[in-house]
Amino acid sequence: MATIENKDSSGKLGKGVTLSVTGAASENDAILAVENYLREHRAEGLSLSVQETGDSDSFEIRLD
């Protein structure tokens, strides 16, 4: 199961915020986990972009 950490110190979810996803089996799993996370926090409608981290089970996803 993927773990998501909000990198914004205030904890807000919006444009420009980066979410760190660890424990995802693939990039697709990381994106799905973030989509579910946003749905839970009522922050749907934001675009996602995946940033390279170099780790196979760790992804940085920026909200746009």
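The structure we're discussing is the one just above.
We now turn to the structure provided with this report. Note that the coordinates shown come from a computational prediction; the quantities given were computed from them, not determined experimentally. (Residues numbered from 1 in each chain as written. Predicted model: local features only at pLDDT ≥ 70, side-chain atom pairs only at ≥ 80, totals over all residues. Heavy atoms only, no water.)

### With respect to the pattern of salt bridges
- Going through the model one piece at a time under the given rule, you end up with 2 salt bridges.
- For the salt bridge of R39 with E44, the shortest nitrogen-to-oxygen distance reads 3.4 Å.
- Note that R62 is salt-bridged to D64, the shortest N-O span being 3.3 Å.
- With relative accessibility at 32%, the residue R62 sits in the partly exposed group.
- The class for D64 is partly exposed, based on a relative accessible area of 33%. (Salt bridge = Lys/Arg side-chain N within 4 Å of Asp/Glu carboxyl O. Buried < 20%, exposed > 50% of the residue type's maximum accessible area, 1.4 Å probe, protein only.)

Read these as spatial facts, not as claims about activity.
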